[in-house]
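A look at the structure
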Amino acid sequence: MSFPNVRMRRIRKTNQLRDLVRETRLSVKDFVYPVFIKEGISKPEPIESMPGQYRLPISNLQNEIDTLVSLNIPGVLIFGIPEKKDALGSSAYHDDGVVQQAIKHIKEANGDKITVFSDVCLCQYTDHGHCGVVEDGKIINDKTLELMTKTAVSHAKSGADIVAPSAMMDGQVQAIRGGLDKFGYSDVAIMAYAAKHASCFYGPFRDAAYSAPSFGDRRNYQMDYSNPNEALREVELDVKEGADIVMVKPALAYLDLIHRVKTTFNMPTAAYCVSGEYSMIKAAGKMGWLNEKAATIEVLTAIKRAGADMILTYFAKEAAQWVQD
Ligand code: PBG
């Protein structure tokens, strides 16, 4: 040993000492919990590929919010599952759409006890399952921007605190910022799904929301995960277009990007620990191959260590209890 007096193990001696030197602390205040609200059901429906997660009817929403508030979870991200889909995803921007109703319920009953984020995209609402307007088999960028802007404005009108465009259309942040400002919602923030990658880890979500594309895939709008420089350009553009929070998605396989985004832009940075990341830990836990609690805390800590200020995660409720242990 070249430095025999240096003993790194001295600071690992006791629980208390390990607590005192800990550099990254996971807190319930880091979490935003995604919920699926489904139109036309009366009871929660378990999502098979995401054990412990449910599609909820509006009538169960308050129950869920009570749980989140009692756990001190600061935010909820709303996903809608509409009864009817059509080519232009029109139920995404109806004033009485499922998300609009959900947001109104939450805001009327809970005020500022919880921050409401709403996902702004068309894929759950279109009959073809793509995130935008389709013509001749192509996803048309600027026509999609108009519909996304209408959707975001209707979420803001319902009371959303933060809208989160996730379609990966060019110019989506600028278009939505313009729409929000024009209709008097300049205080509504935008969390941009800035570096959202075409990922197999969204599989369970698409089961949950019946939103898999009916033809092709999303690789001509979502990012290629091989291209970190392109990811930084995406984030830079969203910052210039007026994003308040930038997101990297997925999280675990993208820790390098979380780190680079945080250190390059110094923006509030979110990481989305997506459905597949949740389900693989759940599955290994169920098989007895991994300790689920330990794996979850290790993964969430790594995401925070990489630079995330907030983590969107289906683990939020369980982890809220575990981080207090
Ligand atoms: C909507 C959207 C998706 C996710 C978040 N917003 C699905 C997709 O892009 O196919 C995935 C979230 C998850 O997997 O947990 N575009």
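Cut-off values and rules
Residue indices follow the written sequence of each chain, beginning from 1 at its first position. Reporting of local features is limited, given that this is a predicted model, to residues whose pLDDT is at least 70; pairs of side-chain atoms are given and counted only at 80 or more, and all residues count toward the totals for whole chains, interfaces and linings. As a rule here, side-chain values cover all heavy atoms of the structure and leave hydrogens and water aside. Only runs of H or I of at least four residues qualify as helices and only runs of E of at least two qualify as strands under DSSP, and these elements are numbered from the N terminus. The quantity called the radius of gyration is restricted to C-alpha atoms. Its globule counterpart is 2.2 Å times the number of residues to the power 0.38. Only protein chains enter the area calculation, which uses a 1.4 Å probe; residues under 20% of their type maximum are buried, those over 50% are exposed, and those in between are partly exposed. Should any heavy atoms of two residues lie within 4.5 Å, those residues are considered in contact. Values of accessible area rely on a 1.4 Å probe in the Shrake-Rupley scheme; residue burial ignores everything except the protein chains shown. In this charge count, Lys and Arg are treated as positive and Asp and Glu as negative; neither His nor the chain ends contribute. Every charge is mapped to an atom, namely NZ of Lys, CZ of Arg, CG of Asp or CD of Glu. Note on ring pairs: Phe, Tyr and Trp rings are taken, using the six-membered ring of Trp, and paired if centres are within 6.5 Å. Classes follow the plane angle, with under 30 degrees stacked, over 60 edge-to-face and the rest tilted. The rule is short: NZ of Lys or CZ of Arg within 6 Å of the ring centre and within 35 degrees of the ring normal puts a charge over the ring. Any residue with at least one heavy atom within 4 Å of a molecule or strand is counted as near it. Pairs of N or O atoms within 3.5 Å make up the polar contacts considered here, provided that, within protein, one atom can donate a hydrogen while the other can accept it, and that residues adjacent in sequence are counted only when both atoms are side-chain atoms. As used here, the term nonpolar core means buried Ala, Val, Leu, Ile, Met, Phe, Trp, Tyr and Cys residues forming a set that is joined through side-chain atoms within 4.5 Å. Axes, fitted as lines to C-alpha atoms, cover a helix only where it is in contact. Angles between the N-to-C directions of the axes lie from 0 to 180 degrees. Roughly parallel refers to an angle under 35 degrees, roughly antiparallel to one over 145, roughly perpendicular to one between 65 and 115, and oblique to any angle outside these ranges. The sense of a crossing depends on the near helix, which, turned anticlockwise from the far helix by less than a right angle, makes the crossing left-handed and, turned clockwise, makes it right-handed. Each residue gets one label: Ala, Val, Leu, Ile, Met, Phe, Trp, Tyr, Cys and Pro are nonpolar, Asp, Glu, Lys and Arg are charged, and the others, such as Gly, are polar. Every helix has an expected span of 1.5 Å times one less than the residues it contains. Criterion for a disulfide: a pair of cysteine sulfur atoms within 2.5 Å.

1. Some thoughts on the overall build of the protein
Regarding its fold elements, the protein presents 11 helices and 12 strands. A compact globule built from 325 residues should have a C-alpha radius of gyration of about 20 Å, and the protein, at 20 Å, falls within 12% of that. When the backbone C-alpha atoms are referred to their principal axes, the protein occupies close to 70 × 45 × 40 Å. A burial count over the protein gives 54% of its 325 residues as buried. Considering only contacts in the protein between residues 6 or more positions apart, those separated by 24 or more positions represent 74%. With an accessible surface of roughly 15,200 Å², the protein has 51% of that area assigned to carbon and sulfur atoms. In the protein, the 38 positive side-chain charges and the 40 negative ones have mean positions that sit 8 Å from each other.

2. Observations concerning the packing of aromatic side chains
Two descriptors summarise a pair of aromatic rings, namely the distance from one centre to the other and the angle between the planes of the rings. In the structure shown here, the tally under the stated rule is 8 aromatic pairs. Centre to centre, the rings of Phe36 and Tyr314 are 6.2 Å apart; their planes meet at 0°, and the pair counts as stacked. You can see Phe36 sitting in strand 1 (residues 31-38) and its partner Tyr314 sitting in the loop between strand 12 (310-313) and helix 11 (316-322), a full 278 residues away along the chain. Assessed through its relative accessible area of 1%, Phe36 is described here as buried. By relative accessible area, which is 2% here, Tyr314 ends up buried. Seen from their ring centres, Phe79 and Phe205 are 4.9 Å apart, and the 75° between their planes marks the pair as edge-to-face. Residue Phe79 is found in strand 4 (residues 75-81), and its partner Phe205 is found in helix 6 (residues 203-209); the two are separated by 126 residues along the sequence. The class of Phe79 is buried, set by a relative accessible area of 3%. Through a chain of ring-to-ring contacts, three or more aromatic side chains come together here, namely Phe36, Phe79, Tyr193, Phe205, Tyr272, Tyr278, Tyr314 and Phe315. When the ring centre of Tyr202 is taken as reference, the NZ or CZ atom of Lys196 above it lies at 5.6 Å. The lysine or arginine in question, Lys249, covers the ring of Tyr272, its NZ or CZ lying 5.0 Å from the ring centre.

3. Points about the site of the ligand
Within the structure, the ligand sits among 20 residues, and Lys196, Arg206, Lys249, Ser275 and Tyr314 are positioned closest to it. For the ligand, an oxygen atom lies 3.0 Å from a polar atom in the side chain of Arg218. A distance of 3.5 Å separates a nitrogen atom of the ligand from a polar atom in the side chain of Lys249. The protein chains hide 100% of the 400 Å² of surface that the ligand would expose on its own. Elements represented by at least two residues in the shell around the ligand include exactly strand 9 (189-196) and helix 6.

4. Thoughts on the nonpolar core
Grouped together as the largest cluster of nonpolar side chains are 107 residues, with contacts concentrated most on Phe36 and Ile303. Here this core takes 7 residues from strand 9, the largest share from any one element. With residues near it in sequence (within four places) discarded, Phe36 still touches Ile47, Met50, Tyr54, Arg55, Leu56, Phe79, Ile81, Phe205, Ala208, Ala209 and Tyr314.

5. Notes on the packing of helix 9 (residues 275-287) against helix 10 (residues 292-306)
Close contact between helix 9 and helix 10 brings their axes to 9 Å; oriented N to C, the two are set at 155°. Between helix 9 and helix 10, the interaxial angle falls into the category roughly antiparallel. As helix 9 packs across helix 10, the resulting crossing turns out to be right-handed. Residues Ile281, Lys282 and Gly285 of helix 9 touch helix 10, and the partners they reach there are Glu292, Ala295, Thr296 and Val299. A per-class count over the contact of helix 9 with helix 10 returns 3 nonpolar, 2 polar and 2 charged.

6. As for the side chain of Gln222
Along the chain, Gln222 falls in the loop between helix 6 and helix 7 (228-241). When residues no more than four places from it in sequence are discounted, the contact partners of Gln222 are Met168, Lys196, His197, Ala198, Ser199, Tyr202 and Arg206.

7. Quick word on helix 9
For helix 9, built from 13 residues, the straight-helix expectation of 18 Å at 1.5 Å per residue is met to within 8% by its first-to-last C-alpha distance of 18 Å. For helix 9, the set of buried residues is Ser275, Gly276, Glu277, Tyr278, Ser279, Ile281, Lys282, Ala284 and Gly285. Each element contacted by the buried residues of helix 9 is listed here: helix 6, strand 11 (269-273), helix 10 and helix 11. At the exit of helix 9 stands Gly288, carrying a positive phi of roughly 80°.

8. Quick notes on the state of the cysteines
Considering all chains together, one arrives at 0 disulfides under this definition. Of the cysteine sulfurs around Cys121, a residue in no disulfide, the closest is that of Cys131, at 3.6 Å. Cys273 supplies the cysteine sulfur nearest to Cys200, a cysteine that is in no disulfide, at a spacing of 13 Å.

Structural measurements only, silent on function.
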